[in-house]
Protein chains: 2
Amino acid sequence: MHAHDLPTPALLVDADAFAHNMATMSEAWPGPRLRPHVKAFKSTTLARELSAAGHAGFCCATVREMTGMAAAGLGADLLLANEVLDPARLAQLGRLVADGTARVTVAVDSPETVVAAAHAGIHDVLVDVNVGLPRCGCDPVDAPRLADQARAAGLEVRGVMGYEGHLMGVDDRDRRAAGLAVAMEVLAAAHAEVGGAVVSGGGTGTWDLNRSITELQAGSYTLMDTAYDRLGLPFRRALSVLGTVVSVNRAGWAVADVGLKALAMDHGDPSIDGATVWFCSDEHVTWAPTDTPLPRVGDKVRVWPAHVDPTVAKHELLHLIDAGGDVLDVWPVDLRGW
Amino acid sequence: MHAHDLPTPALLVDADAFAHNMATMSEAWPGPRLRPHVKAFKSTTLARELSAAGHAGFCCATVREMTGMAAAGLGADLLLANEVLDPARLAQLGRLVADGTARVTVAVDSPETVVAAAHAGIHDVLVDVNVGLPRCGCDPVDAPRLADQARAAGLEVRGVMGYEGHLMGVDDRDRRAAGLAVAMEVLAAAHAEVGGAVVSGGGTGTWDLNRSITELQAGSYTLMDTAYDRLGLPFRRALSVLGTVVSVNRAGWAVADVGLKALAMDHGDPSIDGATVWFCSDEHVTWAPTDTPLPRVGDKVRVWPAHVDPTVAKHELLHLIDAGGDVLDVWPVDLRGW
């Protein structure tokens, strides 16, 4: 089947770009040094490709991602790099531990999250340290006490994690590097007091700068998006949303059926090659070609999302395509929800 | 069950506000004068409430919404207010017509959409006229010719539709009214040449200004959002996303598990009463209380989305709650996808 025969909007993954991205990252962060972040693609089939490339440990953002990965036989070393309080959801993780389906580690950043993890029967934790992003992670000075509380609750403290998310979108590489040095100094100091073998952090935006961690948490590099593309990283855009031109106006614009229900908009409008995107509405993108004639009703168009992770989460299928547009494989997006 | 016992993030619908919104709109646009737009809520259970209030005809944006409504027994008069070219999807609508499950009308704005509708066995169309929003809708001067083409293809032309979407967000009421007068003059002129009983248009933002149409296409008023709330309409915010506080930083911020995968971001950040929202990331919202102490880890918080339609589309359930937070009913969001 050709991509142009798919019902639209349809998520496409360029097989060559995906393979290039995987190979580039795996060369720099081989085997267990890379802990791919499942939240970027939410697909156990895609995760299996990464596992086959030697990356057996994964990062998740939701309990649903954790249980889905375990059910797919990808539970060798799963990290919930997020704070979850829900006893029923944490109990699902406790059951994975109890029945040996998965090795489960969760992030903790407060006494409450320590108690919740211990109560659920989880064994392993990382102390999540705030390294500058105003989000989760304990104050660095609290990290040793939190580690003590975790150990007193019977938990194994595998180490620390710290996510420098405030630096991922800094366009200037030198500024990104300078901010990273500060953030990783904070993390290293916390690690020195907390102990454990693991220092987990980083992401696609700092993949080649962050060398002080023991494992990199990156996911977006697999599929890439126009926001990360601005940084000049060596990863190629692999994810697009295929649309059908449903209306053309001779005043100079065209409309395709790829709207904001099919695209993440938190990083702004998507892009279309050789065109200026005017705006998106629920089911439509309106754009104008820059150098070419207007398309015709029924033509196909590829729309490049500004942010991969929440775009994938709006769809049920990823279609792997070759350079000619033939569909090589279909990967279910089977880890949606919470 | 109380809302605070729901796994989060969870969509809540305030029953009082929803009832008020329904009653207010139904008084101004009774019975068939209102054609509620299903795209705003994507739930046949919610649609059934509107049907019980006398609104038997509905507007849809996708074929999935059309077939789901028909399967739920709500197919008395379904309008696909959107251009669709996909032969397989249109054939689903043709089957609804053939077996009498639904009365199906589709919008057409080009010769291609006329041919596609006729080929699929659809009988009824509206000529979609562009009234100022750079999106779908034919050039007004083309409307009579398109109607002729449709009739020549054996289609019944029920009238015209024109969506003044470019005016929905105009804050100033007088400017909104002035723009509307221009847009509806265009639509009326097209209608005079096209013929048919139906002049369909409007939305929540022009609900009380647009009196020249025979039926109003409005959906957002049912649940409302902070974007429409700015206009000072008499509809109340009914939809929120309940979250759990998963992290608190004594430097002055808190984090809940309501991120941009649970919220539409195309109209900007959500709101939290008594707080300043700093930013959203995939699974989190970071905010600071303005006048109150920081919450505690495990507390619940209600997050008000800026745009209802795509927020609902990210969830599987709507939870109807009373003023005390008790869950009165659970409505599946059963019309997602395309």
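Residues numbered from 1 in each chain as written. Chains lettered and ligands numbered in written order. Predicted model: local features only at pLDDT ≥ 70, side-chain atom pairs only at ≥ 80, totals over all residues. Heavy atoms only, no water.

> Even after reading the chapter, I still don't get the sheet that holds strand β4 (residues 104-108) of chain A, so can you show me in this structure?
All names here are of chain A. Taken together, seven strands build an open sheet; the order of strands is β2-β3-β4-β5-β6-β7-β8 and the sheet is parallel. The open sheet has two edge strands with one neighbour each: β2 (57-60) and β8 (215-216). Here strand β6 (residues 156-162) pairs with strand β7 (residues 198-201) via four bridges, running parallel. Along β7, the bridge assignment pairs Gly159 with Val198. (Pairing = 2+ DSSP bridges. Helix = DSSP H or I, 4+ residues; strand = E, 2+ residues; numbered from the N terminus.)

> How should I be thinking about the packing of aromatic side chains in this particular structure?
The geometry of an aromatic ring pair is captured by the separation of the ring centres together with the interplanar angle, meaning the angle of the planes. Applying the stated criterion to the full structure yields eight aromatic pairs over all chains. Between Tyr221 of chain A and Phe235 of chain A, the aromatic rings sit 5.6 Å apart at their centres with planes inclined by 55°, giving tilted as the arrangement. With a gap of 14 residues between them, Tyr221 of chain A in the loop between β8 and α8 (226-229) and Phe235 of chain A in the loop between α8 and β9 (239-249) connect regions that are remote in the sequence. Comparing Tyr221 of chain A with Phe235 of chain A shows no difference in burial state: the two are buried. Ring geometry for Phe18 of chain B and Trp331 of chain B: centres 5.4 Å apart, planes at 70°, overall edge-to-face. On the criterion of sequence distance, the pair formed by Phe18 of chain B in helix α1 (residues 15-28) and Trp331 of chain B in strand β15 (residues 327-332) is long-range, its members being 313 residues apart. Put simply, the rings of Trp207, Tyr221 and Phe235 of chain A touch in pairs and so form one group of aromatic residues. Taking NZ or CZ as reference, Arg237 of chain A lies 4.2 Å from the ring centre of Trp304 of chain A, over its face. (Phe/Tyr/Trp six-rings, centres within 6.5 Å; stacked < 30°, edge-to-face > 60°. Buried < 20%, exposed > 50% of the residue type's maximum accessible area, 1.4 Å probe, protein only. Lys NZ or Arg CZ within 6 Å of the ring centre and 35° of its normal.)

> Hey, could you run me through helix α2 (residues 44-52) of chain B in this one?
Spacing of three or four residues puts side chains on the same side of an α-helix, whose turn is 3.6 residues. Residues and elements named next belong to chain B. All of the buried residues along α2 are Thr44, Leu46, Ala47 and Leu50. Down the axis of α2, the sector holding all buried residues measures 155°, keeping them to one side. In this fold, the buried residues of α2 make contact with α1, β2 (57-60), α3 (63-71), β14 (317-321) and β15. The backbone nitrogen of Thr45 has a side-chain oxygen 3.3 Å away, supplied by the residue at the start of α2, namely Ser43. Of the residues flanking the end of α2, it is Gly54, one or two places downstream, whose phi is positive at about 110°. (Arc of directions from axis to C-beta. Contact = heavy atoms within 4.5 Å. Polar contact = N/O pair within 3.5 Å; in protein donor to acceptor, adjacent residues only side chain to side chain.)

> Help me understand the environment of Ala61 of chain B in this model?
Turning to its location among the elements, Ala61 of chain B is positioned in the loop between β2 and α3. Its relative accessible area of 6% is what places Ala61 of chain B among the buried residues. For Ala61 of chain B and Ala3 of chain B, which are 58 residues apart along the polypeptide, the C-alpha to C-alpha distance reads 31 Å. Apart from the residues within four sequence positions on either side, Ala61 of chain B is in contact with Glu283 of chain A together with His37, Lys39, Leu80 and Asn82 of chain B.

> Explain the interface of chain A and chain B here, please?
Interfaces are often sized by the accessible area lost when the parts come together. Taken together, the contact between chain A and chain B spans 54 residues of the former and 54 residues of the latter. Where chain A abuts chain B, roughly 4,100 Å² becomes buried across the two surfaces, and 57% of that area is made up of carbon and sulfur atoms. Together, Arg135, Lys261 and Trp338 of chain A form the three largest contributors to the area buried by chain A at its contact with chain B, with a combined 17%. On the surface where chain A and chain B come into contact, there are six salt bridges. Arg250 of chain B is the salt-bridge partner of Asp142 of chain A, the closest N and O atoms lying 2.9 Å from each other. Across the contact surface, chain A and chain B share 20 residue pairs in polar contact (both at pLDDT 80 or more). Of all the secondary-structure elements, those providing two or more residues to the side of chain A that touches chain B are α5 (111-119), β9, β10 (253-256), β11 (275-281), β12 (284-289) and α9 (308-312) of chain A. For the side of chain A that touches chain B, the element with the most residues is β9 of chain A, which contributes five residues. Residue composition of the side of chain A that touches chain B, grouped by class: 21 nonpolar, 15 polar and 18 charged. (Buried area = accessible area lost by both parts, 1.4 Å probe. Salt bridge = Lys/Arg side-chain N within 4 Å of Asp/Glu carboxyl O. Nonpolar A, V, L, I, M, F, W, Y, C, P; charged D, E, K, R; others polar.)

Keep in mind these values describe shape, not function.
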